[in-house]
Amino acid sequence: MQLKRTVYMGELRASDVGKEVIVSGWVLRRRDHGGVIFLDLRDRTGLLQVVFEEGIDPEVHKIADTIRNEYVISVKGKIRRRPPGMENPKIPTGEIELEADEVEILNTSKTPPFALDEDLSEVSEALRLKYRYLEMRAPGGLEPFIFRHKVVHTIREFLNSQGFLDVETPFLTKSTPEGARDFLVPSRLYPGKFYALPQSPQLFKQILMVAGVDKYYQIVKCFRDEDLRADRQPEFTQLDMEMSFVDEEDIMSLVEGLMAKVFENCLDIKLELPFKRLTYEDAMKHYGTDRPDLRFGMELKEVTPLVDGTSFKVFRSAVEKGGVVKGLCAPKQFSRKELDELTGFAQELGAKGLAWIKYSPEGEFEKRWSSPIVKFFEKWVLEKLEELFELKKPCTLFFVADSEEVANSVLSELRNKLGKELGLIKDGFEFVWIVDFPLFEWDEEEERLVSVHHPFTHPKEEDIELLETEPLKVKSRAYDLVLNGVEIGGGSIRIHRKELQERIFKLLKITPEEAEEKFGFFLTALEYGAPPHGGIAFGLDRLIMLMLGKKSIREVITFPKTQRGQCLLTGAPAEVKIEQILELHLLPGWEKEKKKES
RNA sequence: GGGGCUGUAGUUCAGCACGGUUAGAACGCCGGCCUGUCACGCCGGAGGUCGCGGGUUCAAGUCCCGUCAGCCCCGCCA
């Protein structure tokens, strides 16, 4: 390599006119006019027009004639002002150009499978993932990753300044029960035994508290062998934090400070502090979900007391079975076709149907209501509805009559769908803490209590006495952080005393033997002066996705997996040689066969 | 495990409901011309196992069955 870069192209301006420079980069486009060839050359920082004139040096011009898109070249020359009228206001370096007097082709390139100078979102994602390096190299392709770098940098800077230690924990570790499916790694040295990749460093960070680390964080990969979604990858990055001698308020206010710093540094947005808080109960009541999108209203209202005496059988029987009738009011009068579609949507989500009432505030009271079911309701009920939903404009009321669970989940999905489709969602970032979660929920299939968060979550002090008698009434010292309807983080104050931890295990039907076998090491650690502690973990990919307004975390992960868990770039997962499998003792029978043979 | 959408030149798509010439377009690519373009222009050219397999038919890109792959969703994700 003879021509060694002296400047980045993106930094060059009219003030650099006259300077002798060497630039290196990739050819985005070439415009060959015979005697003059223009190349748009780019590096990480920007784009510069390079001019090769036959009259200046025929030999150099000749080389330029062979250069094609995506060739890697270095060019030496002088920065000059473009002739009057030839400026390109569309690019930052548009006032100037590089007059080439030397060029070196550092590497050729095949014609890329897709044009790098066009809108890559039009290209199929599968192709982009296979040639991810080309997508990233295209103009703007590195932006999400540069942004991500900035976010991570800000997080580290902030937490370091607050006295946190960045401490690593192992990837080859022990399977933890009560969670997602583990990725297992067979042990070569111990036939039949396996490591598990961590679903989170949960137990390690708690043990770090026992170790006196006091304030810990780690930006760390976690692994869960579950099916993928737009916002879920089998390996993802978590911002993991834990602190000793703190309570919920300490952690929440620290996180608020952190988020404020991140949004200020990276998006130049000042967040309003403190964040809103909703109890789990209120979130379920008003939004039907524990991760409500607060960028718009359209809250759910329960109308059970208004309709339990109605002659409308669907509502009455749902109430008689112990269910509820809940509804929401959408600010639009839907057509019959749209109503049918929405009913189908509700049914797919498990509702038996979707009742609707169109309302318009004009004219006589009775004529304001239009619906096949309105005849079942007495005037006082309609009056109450008008009052409850504060009906003032034309709209449609939707109701689901079912168990509370079904009504909530259907209506919350309906709310999100209508919010999106009716354009009710305002721009911006709405954070909300969800607090006062129940500690347990009942698992019908397994017929036992399971943890809402994880088994190391501390119950509220005042509820501890209810643990054995009314466990479902026990609330936890847990908190989730929700941003625009997406859960971006969750944490809790942990149990730090062995006795309480054992009581919880007992309620979860984890036997002492099981507990000992699965995390005896952790219980032992608790016995050696574990301080009170708590923490939180954030899905970093999701946070960055939301900050950039992307629809999928794949957009902010360099080499993500497809929905079926494949890496299209490398072809992973892939078959391995039989020798590797035998070496890992994964086919014990075959191993014996092989020994017999030899 | 289930539901939905998609798969045709290198790329993005049209053609498919109603089977029937040699499967088209744009961009890209290759060659030629061009000293001021910046989505350069002009002339010419190449490029297709219609995802794959099977079936129906005189005839299948088009209809049927299966299968693979990509995306979205449910289940699952403490």
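What to know about empty space enclosed by the protein
To find leftover empty space, a probe the size of one water molecule is rolled over the atoms.
Piece 1. Under the defined criterion, the tally for this structure stands at one cavity of 30 Å³ or more.
Piece 2. In this model, the largest cavity occupies a volume close to 30 Å³.
Piece 3. Residue lining of the largest cavity: Leu129, Phe559, Pro560, Cys567, Leu568 and Leu569, and that is the complete set.
Piece 4. Of the residues contributing to the lining of the largest cavity, the split by class is six nonpolar, no polar and no charged.

As for a negative patch on the surface
Piece 1. Residues Glu405, Glu441, Glu444 and Glu447 make up a contiguous surface patch of negative charge.
Piece 2. With respect to the element layout, Glu447 can be found in the loop between β18 (440-443) and β19 (448-451).

Remarks on the packing of aromatic side chains
Piece 1. Under the counting rule described, the total for this entry stands at 21 aromatic pairs.
Piece 2. Ring plane angle 80° and centroid distance 5.5 Å describe the contact between Phe171 and Phe223, whose orientation is recorded as edge-to-face. One end of the pair, Phe171, is in the loop between β6 (165-166) and β7 (184-186); the other, Phe223, is in strand β9 (residues 215-223), and 52 residues separate them in sequence.
Piece 3. For Phe223, a relative accessible area of 10% gives the class buried.
Piece 4. Each ring, one from Phe312 and one from Phe376, has its centre 5.0 Å from the other, and the planes form 20°; the classification is stacked. Placement of the pair is Phe312 in the loop between α8 (304-307) and α9 (313-320) and Phe376 in the loop between β15 (369-370) and α11 (379-388), with a sequence separation of 64 residues.
Piece 5. Among the residues examined, Phe376 registers a relative accessible area of 28% and is labelled partly exposed.
Piece 6. Ring pairs connect the aromatic residues Phe263, Phe275, Phe429, Phe431, Trp433 and Tyr479, which therefore count as one cluster.
Piece 7. Note that Lys379 overlies the ring of Phe365, its terminal NZ or CZ placed 5.4 Å from the centroid.

Examining helix α10 (residues 336-348)
Piece 1. Counted at 1.5 Å a residue, the expected span for α10 with its 13 residues is 18 Å, and the 18 Å between its end C-alpha atoms agrees.
Piece 2. The complete set of buried residues in α10 reads Leu339, Leu342, Thr343, Phe345 and Ala346. Buried residues of α10 fall within an arc of 160° about the axis and therefore sit on the same side. Seen from the buried face of α10, the exposed residues on the opposite side, beyond 90 degrees, are Lys337, Glu341 and Glu348.
Piece 3. Turning to α10, the residues buried within the fold contact β14 (355-359), β16 (395-402) and α12 (404-421).
Piece 4. One or two positions beyond α10, positive phi appears at Gly350, with a value near 110°.

Points about helix α13 (residues 498-507)
Piece 1. Buried within α13 are the following residues: Lys498, Leu500, Gln501, Ile504, Phe505 and Leu507.
Piece 2. In this structure, the buried residues of α13 make contact with β18, β19 and α14 (512-526).
Piece 3. Residue Lys509 follows α13 closely and has a positive phi angle near 60°.

Some thoughts on the pairing of β14
Piece 1. Most of β14 is tucked away, with four of its five residues classed as buried.
Piece 2. Bridging between β14 and β16 involves five bridges; their strand directions are antiparallel. The residue of β16 that forms the bridge with Ile357 is Leu397.
Piece 3. Pairing analysis gives two bridges linking β14 to β15, with the strands arranged antiparallel. Bridge assignment links Tyr359 to a residue of β15, and that residue is Trp369.

Some thoughts on the nonpolar core
Piece 1. Membership of the largest hydrophobic core comes to 44 residues, with the highest contact counts inside it found for Met241, Met259 and Ile488.
Piece 2. Ranked by residue count, the leading element in this core is helix α6 (residues 248-267), at nine residues.
Piece 3. Beyond its immediate chain neighbours, meaning those up to four positions away, Met259 contacts Leu271, Phe275, Phe431, Leu481, Ile488, Phe538 and Leu543.
Piece 4. Counting residues in hydrophobic clusters, the runner-up holds 26 residues, among them Val325, Ile357, Trp369 and Leu397.

Quick word on the state of the cysteines
Piece 1. What the rule picks out here adds up to zero disulfides.
Piece 2. Between Cys395, a free cysteine, and Cys329, which holds the nearest cysteine sulfur, the sulfur-to-sulfur gap is 3.4 Å.

Some details on the sheet that holds β15
Piece 1. Strand order across the open sheet formed by five strands is β12-β13-β16-β14-β15, with antiparallel pairing between neighbours. Strands at the two margins of the open sheet, each flanked by one partner only, are β12 (301-302) and β15.
Piece 2. Of the pairings in the sheet, the one linking strand β13 (residues 324-330) to β16 comprises seven bridges and is antiparallel in character. Along β16, the bridge assignment pairs Val325 with Ala401.

A short note on the sheet that holds β9
Strands pair in a sheet through their backbones, by hydrogen bonds, and they do so in one of two ways: parallel or antiparallel.
Piece 1. Judged by pairing direction, the sheet is mixed, and its eight strands sit side by side in the order β6-β9-β10-β22-β21-β20-β17-β11 without closing on themselves. The strands lining the two open edges of the sheet, one partner per strand, are β6 and β11 (276-279).
Piece 2. Of the strand pairs in this sheet, β11 and strand β17 (residues 431-435) are connected by four bridges, and their pairing is parallel. Considered in β17, the bridge of Leu278 is made with Ile434.

Some remarks on the environment of Ala100
Piece 1. Tracing the sequence through the fold places Ala100 in strand β5 (residues 96-107).
Piece 2. The exposure class of Ala100 is buried, given its relative accessible area of 3%.
Piece 3. Considering only alpha carbons, one finds Ala100 and Tyr131, 31 residues apart in sequence, at a separation of 31 Å.

Thoughts on the domain arrangement of chain A
Piece 1. Splitting chain A by domain gives domain 1 (9-107), domain 2 (145-278 + 431-556) and domain 3 (297-421).
Piece 2. Its C-alpha centre places domain 1 at a distance of 52 Å from the equivalent point of domain 2.

As for the pairing of β19
Consecutive side chains along a regular strand alternate between the two faces of the sheet.
Piece 1. Burial along β19 is two-sided: Arg448 and Val450 facing one way and Leu449 and Ser451 facing the other are all buried.
Piece 2. Summarising the sheet, β18 and β19 pair through four bridges and their orientation is antiparallel. Bridging across to β19, Glu441 finds its partner in Val450.
Piece 3. A loop of four residues connects β18 with β19, the two strands running antiparallel in sequence, and Glu447 in this loop sits at a positive phi of about 50°.

Quick word on the protein's contact with RNA strand B
Piece 1. Close to RNA strand B lie 49 residues, the nearest being Asp32, Met86, Glu97, Glu226 and His453.
Piece 2. A distance of 2.6 Å separates a base oxygen of RNA strand B from a polar side-chain atom of Arg80.
Piece 3. At a separation of 2.8 Å, a base nitrogen of RNA strand B approaches a polar side-chain atom of Arg232.
Piece 4. Sorting the residues of the surface near RNA strand B by element identifies β1 (20-32), β2 (36-43), β3 (46-53) and α2 (125-130) as the ones contributing at least two each.
Piece 5. Considered class by class, the residues forming the surface near RNA strand B number 11 nonpolar, 17 polar and 21 charged.

Structural notes on the pattern of salt bridges
Piece 1. What the rule picks out here adds up to 45 salt bridges.
Piece 2. Two residues, Glu97 and Arg80, come together in a salt bridge whose shortest N-O distance is 2.9 Å. Of the two residues, Glu97 is situated in strand β5 and Arg80 in strand β4 (residues 72-81); the sequence distance between them amounts to 17 residues.
Piece 3. Arg81 is paired through a salt bridge with Glu95; the nearest N and O atoms lie 3.6 Å apart. Of this pair, Arg81 sits in strand β4 while Glu95 is found in the loop between β4 and β5, placing the two residues 14 residues apart along the sequence.
Piece 4. The partly exposed category is assigned to Arg81, whose relative accessible area is 47%.
Piece 5. Among the ionic contacts, a cluster of salt bridges with common partners joins Arg29, Arg31, Asp40 and Asp117.

Reading the values: rules and limits
- Per-chain numbering applies: the sequence of each chain, read as written, is numbered from 1 onward.
- Whichever chain is written first becomes A and whichever ligand is written first becomes 1, with later ones labelled in order.
- Where local features are concerned, this predicted model is filtered to residues with pLDDT of at least 70; where side-chain atom pairs are given and counted, the filter is 80 or more; whole-chain, interface and lining totals use all residues.
- Derived side-chain values reflect all non-hydrogen atoms in the structure, with water molecules and hydrogen atoms excluded from consideration.
- Grid points spaced at 1 Å and placed over the protein atoms alone form the basis of the search, with a cavity being a set where a 1.4 Å probe fits but cannot get out and a pocket an open set showing protein on both sides within 12 Å along at least five of seven lines. Lining residues have an atom within 4 Å of a point.
- Grid points are joined across faces, edges and corners, and a volume is the space filled by probe spheres set on the points.
- Amino acid classes used here: Ala, Val, Leu, Ile, Met, Phe, Trp, Tyr, Cys and Pro are nonpolar; Asp, Glu, Lys and Arg are charged; the rest, including Gly, are polar.
- Only residues above 30% relative accessible area that lack a salt bridge enter a patch, with like-charged residues linked at up to 9 Å and the nonpolar side chains Val, Leu, Ile, Met, Phe, Trp and Tyr linked at up to 5 Å.
- Only the protein chains shown count as cover for residues, and the accessible areas themselves come from Shrake-Rupley with a 1.4 Å probe.
- For this document, the term salt bridge refers to a Lys or Arg side-chain nitrogen within 4 Å of an Asp or Glu carboxyl oxygen.
- Positive charges come from Lys and Arg, negative ones from Asp and Glu, while His and the chain ends are left out of the count.
- Throughout, a charge is located at the NZ atom of Lys, the CZ atom of Arg, the CG atom of Asp or the CD atom of Glu.
- Helix and strand assignments follow DSSP, with helices taken as H or I runs no shorter than four residues and strands as E runs no shorter than two, numbered in order from the N terminus.
- What counts as a ring pair is set by centres within 6.5 Å for rings of Phe, Tyr and Trp (its six-membered ring), and what kind of pair is set by the plane angle: stacked under 30 degrees, edge-to-face over 60, tilted for all other angles.
- Three exposure classes are used, based on accessible area relative to the maximum for each residue type with a 1.4 Å probe and protein chains only: buried under 20%, partly exposed in between, and exposed over 50%.
- In this scheme, the term charge over a ring applies when either NZ of a lysine or CZ of an arginine sits within 6 Å of the ring centre and within 35 degrees of the ring normal.
- By this rule the span expected of a helix is its residue count minus one, scaled by 1.5 Å.
- The reported arc concerns the directions from the helix axis to the C-beta atoms and nothing else.
- Note on contacts: a residue pair qualifies if any of its non-hydrogen atoms lie within 4.5 Å across the two residues.
- Strand pairing is assigned whenever DSSP detects at least two bridges linking the two strands.
- We define the nonpolar core as a collection of buried residues of types Ala, Val, Leu, Ile, Met, Phe, Trp, Tyr and Cys that are connected through side-chain atoms lying within 4.5 Å of one another.
- We call a pair of cysteine sulfur atoms a disulfide whenever their separation is within 2.5 Å.
- Note that the domain bounds reflect an automated or database-derived domain assignment.
- Nearness is defined per residue: one heavy atom within 4 Å of the molecule or strand is enough.
- Polar contacts, as used here, are pairs of N or O atoms within 3.5 Å; protein pairs need one atom able to donate a hydrogen and one able to accept it. Residues neighboring in sequence count only if both atoms are side-chain atoms.

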